[in-house]
Structure formats: C-alpha cells, structure tokens
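Survey of secondary and tertiary structure
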Amino acid sequence: MERYPDILELLEEVKVDIDIISASYERARNDEDQLKILRPKIKSCFEHLRSALEYSAQDIWRSYTKKKNSVYFPYGKTEEDLNKSLNRNLPALKDQSPILFDLVEALQPHKCGSEWLYELCRHTNFNKHDRLSPQKRENSANSNTTFGCIVKNYGSSDSSFTDCYYNGIPIANSGTVEISAKRRVSEIKKDLFVPIPVLREFDWVEFKIEGSLFDVLKLITTSYSQVSKFTQELNGIL
C-alpha cells in the first residue's frame, strides 16, 4: 500500500491532538465558563482522518484499474447513498475486488450501526469550506461544589448560609448566600462580601457539534480507532 506511511503520519498527529483535546476536557470539568473546545484543532483532526481515508481510496482504485478517475472515499448515510457514491468514486469495486468492497462497506452506517463515518465526512466538509462548527456544552447532572473548606455534591440538593461571619465580617452581601447547582459559580461569588473560594467540578462534560448527537471528542476517538483499524487491514491486503 503506497500511501500507508503517509496515513500513519496523519494518524500519529491525530493521536497527539486527542491527548491535547482530552486534557482540555478535563480542565473544562472545573471551568463552567468554557463553552467551546479547541475548534481549530478539532478541524485539523477531522481533516487528517478524512485525508487518511482519501489516500486509502487512491490505493484501492489503483489496485484494480489503471483508468483515470477523480477518486474520493465512498460513504453514505444509507446503503443506497453508498452505492451512488461508489459508482462515482470507485466504480466496479464490488465486482473487481469483493474483499476490498467488504472492508469499505463495513465502515458504513447500514453495516456497523454507527454514523461516525457519515458525521466525520459531513463535519470535515463544513469546517473546511464554511466555518468552524458551533458547539453546545453539556454538563453531568452531578457536580461537586467547594465553598471554602466545604465540599458537597450538588445534583438536586441546595444549601444556604444565613447570617454567617468570617473573622467578624458577614460573608454575604444580603446576609444569605445560596449554593446550588442551578446557580453558576460567578453568580455565587457576586453574593459574597468576603473572598471565599468557590469551585465547581462536574463528573463529565461534553461538547456536542451543532446538528449532531456526537460529542466532538467521542467522534474523533471513534473515527481514529476505526480508520486505524481499516487502514491496517487494507495495508495487509494491498
């Protein structure tokens, strides 16, 4: 497989970026004001993964014909869509090389039960030609809020401190400060008369791509795993 070394370089770069993005997710668990995550780096991951598939398509095409064709990796949300894409990009693949066809089809939603490939290709096109994909942050229902030296899990429970003092000074501007998962840390801090540390940590955070059910990190890690496996198997055949 002529382009396999190039593919490995791209996948290694994605692997490095996955670690960077994962670390940013960890920081976001403690920073509720972080509403989006490393969108240029995510764009880069999308493009590297898509290029790995496009390089594969080039080698697949040249393995069974010398005809010239504008080759792109075939994909489709449905089996009918895939067949149309195959006819445009890798015509006669099923007849010329059933083994390679099976490898390509195994990645498709109607075979694997996941739309990761369709979502990867769709969002790569959007980020490359239109704009960076908007994201929507989602937090776990439970979170630990640290108020001074007090740590409590706030899923549905709330606490309030009334007429409390620190070194003889009221801790709250109005006499009462309410600690609740429904209130942002920035709101709680505004109620304080003395600088008591207020920190919040969520069990997990996700950053969903607008118009998609996929969290961006999950989409990238799933795509990385599947593309790595696919190209390794393809390299063993070609």
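Basis of the calculations
Residues numbered from 1 in each chain as written. Predicted model: local features only at pLDDT ≥ 70, side-chain atom pairs only at ≥ 80, totals over all residues. Heavy atoms only, no water. Phe/Tyr/Trp six-rings, centres within 6.5 Å; stacked < 30°, edge-to-face > 60°. Helix = DSSP H or I, 4+ residues; strand = E, 2+ residues; numbered from the N terminus. Buried < 20%, exposed > 50% of the residue type's maximum accessible area, 1.4 Å probe, protein only. Patch = residues over 30% accessible without salt bridge, like charges linked within 9 Å, V, L, I, M, F, W, Y side chains within 5 Å. Areas by Shrake-Rupley, 256 points an atom, 1.4 Å probe, with all protein chains shown as cover. Salt bridge = Lys/Arg side-chain N within 4 Å of Asp/Glu carboxyl O. Axes fitted to C-alpha atoms, helices over the stretch in contact; angles between N-to-C directions. Parallel < 35°, antiparallel > 145°, perpendicular 65-115°, else oblique. Contact = heavy atoms within 4.5 Å. Nonpolar A, V, L, I, M, F, W, Y, C, P; charged D, E, K, R; others polar. 1 Å grid on protein atoms, 1.4 Å probe; cavity = no way out; pocket = protein on both sides within 12 Å on 5 of 7 lines; lining within 4 Å. Points joined across faces, edges and corners; volume = space filled by probe spheres on them. Left-handed = near helix turned anticlockwise from the far one by under 90°. Polar contact = N/O pair within 3.5 Å; in protein donor to acceptor, adjacent residues only side chain to side chain.

Turning our attention to the packing of aromatic side chains. On inspection of all chains with the given rule, the structure shows 4 aromatic pairs. For the ring pair Phe73 and Phe230, a centre distance of 5.6 Å and an interplane angle of 85° mean the geometry is edge-to-face. Placement of the pair is Phe73 in the loop between helix H2 (39-64) and helix H3 (79-89) and Phe230 in helix H9 (residues 216-237), with a sequence separation of 157 residues. For the pair formed by Phe73 and Phe230, the shared burial category is buried.

Together, Val16, Ile20 and Leu38 make up a nonpolar patch on the protein surface, roughly 200 Å² of accessible area in all. When you line up the elements, Val16 lands in helix H1 (residues 4-28).

Two elements in contact, helix H5 (residues 98-106) and H9, have axes whose closest approach is 11 Å; the angle formed by their N-to-C orientations is 175°. By the angle between their directions, the pair H5 and H9 is classed as roughly antiparallel. For the pair H5 and H9, the contacting residues are Ile99, Leu100, Leu103 and Val104 in the first and Phe230, Glu233, Leu234 and Ile237 in the second. Grouping the amino acids of the contact of H5 with H9 by side-chain chemistry returns 7 nonpolar, no polar and 1 charged.

Reported here for the largest pocket is a volume of approximately 180 Å³. What lines the largest pocket is Glu47, Arg50, Ser51, Glu54, Tyr72, Thr124, Asn125, Lys128 and His129. Those elements that provide at least two residues to the lining of the largest pocket are H2 and helix H7 (116-129). Its residues assigned to classes, the lining of the largest pocket shows 1 nonpolar, 4 polar and 4 charged.

This part is about the pattern of salt bridges. Applying the stated rule across the entire model yields 14 salt bridges. For Glu119, the salt bridge is made with Arg122, and the minimal N-O distance between the two is 3.1 Å. Note that Glu119 and Arg122 are positioned in helix H7 at a spacing of 3 residues, about one turn of the helix. The class of Glu119 is buried, set by a relative accessible area of 6%.

Contact geometry for H2 and H7: axes closest at 9 Å, N-to-C directions at 120°. Judged by the angle between their axes, H2 and H7 are oblique. Note on packing geometry: the crossing formed by H2 with H7 is left-handed. Where H2 abuts H7, its residues Lys43, Phe46, Glu47, Leu49, Arg50 and Leu53 lie against Leu117, Leu120, Cys121, His123, Thr124, Asn125, Asn127 and Lys128. Of the residues in the contact of H2 with H7, the class split is 6 nonpolar, 4 polar and 4 charged.

For Glu32, the position within the fold is in the loop between H1 and H2. Judged by its relative accessible area of 11%, Glu32 is buried. Here Arg200 takes part through its side chain, which lies 3.3 Å from a polar atom of the side chain of Glu32. Dropping the residues within four chain positions of it, Glu32 is found in contact with Arg137, Arg184, Val185, Ser186, Arg200 and Phe202.

A separate point is the environment of Ile7. With respect to the helices and strands, Ile7 occurs in helix H1. Take Ile7: its relative accessible area is 0%, and that puts it in the buried class. It is 8.4 Å that separates the C-alpha atoms of Ile7 and Leu53, two residues lying 46 residues apart in sequence. In this structure Ile7 touches Met1, Ala52, Tyr55, Ser56 and Thr231, once residues within four positions along its chain are discounted.

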